[in-house]
There are 2 protein chains.
Amino acid sequence: MSSAPEQPYLVQSRRKPLILVTNDDGIHAPGIRALAKAMDEIGEVVVIAPSTEQSAVGHSITLYSPIRVVEHNFGGDMSHIPAMGITGTPCDCMKLALHELLHRKPDLAVSGINKGSNVAINVIYSGTISAATESSVNGIDSVAFSLDTTDINADYTPSAKYAKLIAEKVLRSQLPRGVVLSANIPDIPEDEIKGIKITRQARSQWEEVFVGRRDPSNKPYYWYRGMLNILDDSEDTDSTVVDGGYVSITPLQYDRTAHGCIDVMKTWKW
Amino acid sequence: MSSAPEQPYLVQSRRKPLILVTNDDGIHAPGIRALAKAMDEIGEVVVIAPSTEQSAVGHSITLYSPIRVVEHNFGGDMSHIPAMGITGTPCDCMKLALHELLHRKPDLAVSGINKGSNVAINVIYSGTISAATESSVNGIDSVAFSLDTTDINADYTPSAKYAKLIAEKVLRSQLPRGVVLSANIPDIPEDEIKGIKITRQARSQWEEVFVGRRDPSNKPYYWYRGMLNILDDSEDTDSTVVDGGYVSITPLQYDRTAHGCIDVMKTWKW
């Protein structure tokens with residue numbers, strides 16, 4: 001009736017830290033290539049990423065479609081890095097990697113380098129951050145990396161260097177339980193980056209726009225389009241810090257309980 | 001070249017509170033029918049929900065496909081309730097409703113009643129909760145409702161009564177800024193429900209399972225399957241409270257910054 005596929009990949013070496021790499025821009029994106037290459041300098045790397053772009057899928061998981069795994073080769077000086085494309089979301093990649101494709105628990109999971117920053121409210125939409133959150137939920141120290149650019153020809157060299165520096169730091173230390181890091185890197189030359197700052201999410205809101213059109217049969221449809229308005233220019237926010245030429249690192253939690261609000265809600269007469 | 005579709009719906013009355021209703025099980029699900037009917041007793045209701053089931057899509061939004069809007073009629077004693085099915089995610093529904101389809105800001109947004117509880121870590125996967133979060137981000141008091149059942153023939157009458165009670169309470173009061181409520185209701189007769197308790201998310205972890213199979217061409221694929229393990233049986237958690245026969249209300253925030261961790265991270269030598 002059914003038979004399990006062979007394990008597409010076995011991790012054999014135990015000498016170096018095992019680093020799982022994913023993203024939401026898809027396995028063919030330049031950002032994941034730069035990230036995998038940087039991680040290859042400090043650990044044993046396995047790349048398990050969506051076959052196609054999955055931006056803004058948030059913490060979506062695939063329940064009603066089968067998931068396919070296709071081997072991928074980055075070629076050139078990266079051809080030794082095992083890589084697989086997954087027909088699913090960034091969270092699917094993490095779940096499938098951790099529970100099916102890898103034969104030992106990674107020491108670190110990294111996601112990115114995303115084309116585009118993930119500051120302020122964008123944290124809740126970002127597939128890049130959701131992937132890192134998913135591995136964090138599974139007890140693995142995790143970092144999401146995003147480059148503040150809209151340029152499809154952006155240079156990921158400076159951000160990859162910072163990704164390596166941050167990954168080494170996390171490997172040597174240990175993140176508090178329940179906390180995942182989100183790093184946002186300005187898209188400027190390396191010698192212009194002023195350093196790293198620990199930040200919080202800026203308050204912000206999308207100004208939503210939908211473009212209404214009609215198809216050739218005169219039936220209406222909408223395209224989503226929006227613009228992020230930052231409502232908070234304090235010095236300690238992710239967006240201010242990145243705009244100022246620093247790498248921002250925001251510690252994020254996945255417990256969404258508004259603990260500070262529980263006592264207030266208890267005073268309501270239910 | 002392009003022309004905007006006519007507004008499919010105008011809200012005209014200003015006498016009653018305007019209540020926007022959505023879900024992630026799709027507009028044909030029994031839970032949204034029960035919720036819309038309950039809200040109809042206390043306000044002017046508009047239903048804008050996904051055309052098809054969108055469970056576990058989290059905070060996914062549609063960027064690369066056009067979104068269609070199809071009018072829906074619940075029929076019978078609900079035929080006066082304006083309703084639209086959207087070819088998108090729960091978050092798309094909220095964005096499109098608030099910024100395109102409604103002509104005034106709703107006084108309340110409600111999501112559900114979901115078939116299945118959304119306790120513990122499930123908060124991050126739930127489209128039901130993401131929809132309520134999205135409207136909360138947009139400054140509207142919002143509540144997600146979930147029934148702790150797997151029964152497709154479940155009776156939504158008791159949970160709809162509690163949804164009405166909670167909605168009335170929120171309409172009379174005001175939620176703290178940045179906070180959205182998630183209510184989980186036990187699937188038991190109304191006279192066995194013991195009351196309402198304010199809770200926090202239980203610590204938990206999915207025990208992930210992927211079922212590996214081969215298609216008729218002998219190519220492998222995976223189905224996701226998992227089991228939620230609750231790791232926390234404290235009396236103040238959502239799962240404990242629902243298991244004990246109470247309605248749980250958890251206040252959730254969408255700022256994911258781990259504020260308590262910022263000072264620790266600053267001590268790391270970056």
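Residues numbered from 1 in each chain as written. Chains lettered and ligands numbered in written order. Predicted model: local features only at pLDDT ≥ 70, side-chain atom pairs only at ≥ 80, totals over all residues. Heavy atoms only, no water.

Engineer: Break down the overall build of chain A for me, citing the residues and quoting the values.
Structural biologist: If you tally the helices and strands in chain A, you get six helices and 11 strands. Its C-alpha radius of gyration of 20 Å places chain A within 12% of the 18 Å reference for a compact globule of 270 residues. If you line up chain A on its principal axes, its C-alpha atoms span 55 × 55 × 50 Å. The 270 residues of chain A split such that 60% are buried. When contacts within chain A are restricted to residue pairs at least 6 apart in sequence, those whose partners lie at least 24 apart make up 77%. (Helix = DSSP H or I, 4+ residues; strand = E, 2+ residues; numbered from the N terminus. Rg over C-alpha atoms; globule rule 2.2 N^0.38 Å. Buried < 20%, exposed > 50% of the residue type's maximum accessible area, 1.4 Å probe, protein only. Contact = heavy atoms within 4.5 Å.)

Engineer: I'd like to hear about the relation of the copies chain B and chain A, residue by residue, with values.
Structural biologist: For the pair chain B and chain A, the best superposition has an RMSD of 0.0 Å and corresponds to a rotation of 180° with a translation of 0.0 Å parallel to the axis. As the rotation angle and translation indicate, the two copies are arranged about a two-fold axis. (Least-squares fit on C-alpha atoms with pLDDT ≥ 70 in both.)

Engineer: Can you tell me about the sheet that holds strand 1 (residues 18-22) of chain A, naming the residues and giving the values?
Structural biologist: All names here are of chain A. A sheet is described by the order of its strands in space; here nine strands give the open sequence 3-4-2-1-5-6-7-11-8, paired in mixed fashion. Looking at strand neighbours, the two that pair on one side only are strand 3 (69-72) and strand 8 (196-198), the edges of this open sheet. Ignoring which end each strand starts from, the neighbouring axes of this sheet average 25° apart. Relative to strand 4 (residues 83-86), strand 2 (residues 44-50) runs parallel, the two being bridged by four bridges. Note that in strand 4 the partner of Ile48 across the bridge is Met84. The strands touched by helix 1 (residues 30-40) are strand 1, strand 2, strand 5 (108-115) and strand 6 (142-148); relative to strand 5, the strand with the most contacts, the crossing angle is about 145°. Packing against the sheet, helix 2 (residues 90-101) makes contact with strand 1, strand 2, strand 3, strand 4 and strand 5, and its axis sits at approximately 135° to strand 2. (Pairing = 2+ DSSP bridges. Axes fitted to C-alpha atoms, helices over the stretch in contact; angles between N-to-C directions.)

Engineer: Kindly report on the interface of chain B and chain A, identifying the contributing residues and their values.
Structural biologist: Taken together, the 85 residues of chain B in the interface contact 84 residues of chain A. Roughly 7900 Å² of surface becomes buried between chain B and chain A when both sides are summed, with 63% attributable to carbon and sulfur atoms. Of all residues in chain B, B:Tyr222, B:Arg256 and B:Trp270 give up the largest surface area on contact with chain A, accounting jointly for 13% of the area buried on that side. The interface formed by chain B and chain A includes four salt bridges. Across the salt bridge formed by A:Arg68 and B:Asp215, the nearest N and O atoms sit 2.9 Å from each other. Per element, the largest residue contribution to the side of chain B that touches chain A is seven residues, and it comes from strand 9 (residues 204-214) of chain B. A per-class count over the side of chain B that touches chain A returns 46 nonpolar, 21 polar and 18 charged. (Buried area = accessible area lost by both parts, 1.4 Å probe. Salt bridge = Lys/Arg side-chain N within 4 Å of Asp/Glu carboxyl O. Nonpolar A, V, L, I, M, F, W, Y, C, P; charged D, E, K, R; others polar.)

Engineer: With reference to specific residues and values, describe helix 1 of chain A.
Structural biologist: Regarding helix 1 of chain A, the residues found buried are A:Gly31, A:Ile32, A:Ala34, A:Leu35, A:Ala36, A:Ala38 and A:Met39. Buried residues belonging to helix 1 of chain A abut strand 1, strand 2, strand 5, strand 6 and helix 4 (157-172) of chain A.

Engineer: Could you give an account of the side chain of B:Asn23, with specific residues and numbers?
Structural biologist: Checked against the element boundaries, B:Asn23 lands in the loop between strand 1 (18-22) and helix 1 (30-40). Within the structure, B:Asn23 has its side chain in polar contact with the backbone oxygen of B:Gly26 (distance 2.8 Å). (Polar contact = N/O pair within 3.5 Å; in protein donor to acceptor, adjacent residues only side chain to side chain.)

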